[in-house]
Amino acid sequence: MTKVIDPRLVKISTRTEVDIKRSLPHAALKRIGAWVFLDHFGPTVQVDGMVVAAHPHSGLQTVTWPFAGVVDHRDSVGSSQVIRAGQLNLMTAGRGVAHSEKSQPVGDQLHAVQLWIALPDLERNRDASFEHFGDLPVLELGSLTARIFIGELNGARSPARVFSPLLGAELRLSTGAPATVPLRPDWEYGLLVVRGSALVNGTLVSPDQLAYLEPGEARQLELEATGSDDLLAVLLGGEPFAEQIVMWWNFIGRTAEEIVEMRELWNARDPRFGEVIDEVGGWIPAPDLPNATLRAR
Ligand code: MN
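Just so we're clear, the structure is a prediction, and the values are computed from it rather than from any experiment.

Peer 1: Where do I start with the overall build of the protein in this structure?
Peer 2: If you tally the helices and strands in the protein, you get 1 helix and 26 strands. The C-alpha radius of gyration computed for the protein amounts to 18 Å, which stays within 12% of the reference 19 Å derived for 297 residues, consistent with globular compactness. C-alpha atoms of the protein, sized along the principal axes, occupy 55 × 40 × 35 Å. Sequence-distant contacts, at least 24 apart, represent 71% of the contacts inside the protein between residues at least 6 apart. Of the roughly 12500 Å² of accessible surface on the protein, 47% is carried by carbon and sulfur atoms. Across the protein, the centroid of the 27 positively charged side chains sits 3 Å from that of the 37 negatively charged ones.

Peer 1: Would you take a moment to explain the environment of Ser174 for this structure?
Peer 2: Its place among the elements puts Ser174 in the loop between strand S17 (166-173) and strand S18 (179-182). Once the C-alpha coordinates of Ser174 and Leu232 are considered, the two residues, 58 residues apart in sequence, prove to be 9.0 Å apart.

Peer 1: Explain the sheet that holds strand S23 (residues 220-226) to me, please; I cannot follow it from the model alone.
Peer 2: In a beta sheet, neighbouring strands pair by backbone hydrogen bonds and run either parallel or antiparallel. The strand order across the open sheet built from 4 strands is S18-S23-S20-S21, with neighbouring strands paired in antiparallel fashion. Looking at which strands have only one partner, the edges of the open sheet turn out to be S18 and strand S21 (203-205). Between one strand axis and the next, the sheet turns through 30 degrees on average, direction left out of account. Bridge count between strand S20 (residues 197-200) and S23: 4 bridges; the pairing is antiparallel. Bridge pairing in S23 links Ala198 to Ala225.

Peer 1: What exactly am I supposed to notice about the environment of Asp230 here?
Peer 2: You can see Asp230 is positioned in the loop between S23 and strand S24 (231-238). For Asp230, a relative accessible area of 42% puts it in the partly exposed group. It is 4.6 Å that separates the C-alpha atoms of Asp230 and Ser174, two residues lying 56 residues apart in sequence. Beyond its immediate stretch of four places on either side in the chain, Asp230 contacts Leu173, Ser174, Thr175, Arg195 and Gly196.

The rules behind each value
Residues numbered from 1 in each chain as written. Predicted model: local features only at pLDDT ≥ 70, side-chain atom pairs only at ≥ 80, totals over all residues. Heavy atoms only, no water. Helix = DSSP H or I, 4+ residues; strand = E, 2+ residues; numbered from the N terminus. Rg over C-alpha atoms; globule rule 2.2 N^0.38 Å. Contact = heavy atoms within 4.5 Å. Areas by Shrake-Rupley, 256 points an atom, 1.4 Å probe, with all protein chains shown as cover. Lys, Arg positive; Asp, Glu negative; His and termini not counted. Charge placed at Lys NZ, Arg CZ, Asp CG, Glu CD. Pairing = 2+ DSSP bridges. Axes fitted to C-alpha atoms, helices over the stretch in contact; angles between N-to-C directions. Buried < 20%, exposed > 50% of the residue type's maximum accessible area, 1.4 Å probe, protein only.

Laid out in structure tokens, this is it:
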């Protein structure tokens, strides 16, 4: 039976107090392959846009995928990149990076997902890097249109470099025209319904919900848009990630000690995270650690 998960609403450290819908990590699901974090932002009008001052990451890659709106990304490896719908920003934090984000007053809506990919142990201390992809492969599967931003589906392959077997694709499907997407039987998958509603292998999934398929559950995704709106969804997949990780704030490590050290380094403005030159100004200090010990999971 397909598991269906409602997101939780969280406030991120923006200067504009916009709610984010978070589907990963979740009490009911910690990750999908190496996808460990899934935030869904908007749709909202740009006057309530997103301004996130400089903050660090380590041990992960960030994936920014907008559906509408324009966001300016700046980071400590010197990137200054505007991103629009259908484009990918992929930032590999490695041992440490800092970045800021600011939505631009263009168009009337801002709508995006941001995801994190856990880096495997052998890759997590690499140097930070950033890549922007303005033109990604589009796959037509019958009535379904898939834009592949990470990994490969039916021969359509994203040029973005990741370090685990993964898939990330935006799916669009009109009502009244069911489609079938082939799946790898040994992978796990999640389908986030962004707009419209869908029957996913016979289970109804409403907007903002994530349908999860465990490894071995299905060899294909039978997808049908129900209701009056066409379906917009994000399909995530991956080989189950075998490593235990400690995830806290913007860091992924392997031990609690490592997280404590990372927090201290960031709050001491350690050069390992570099410096962000932007129009936002300032930086976000790491919050207090929880009283309970951070544990690998
Ligand atoms: Mn970030």
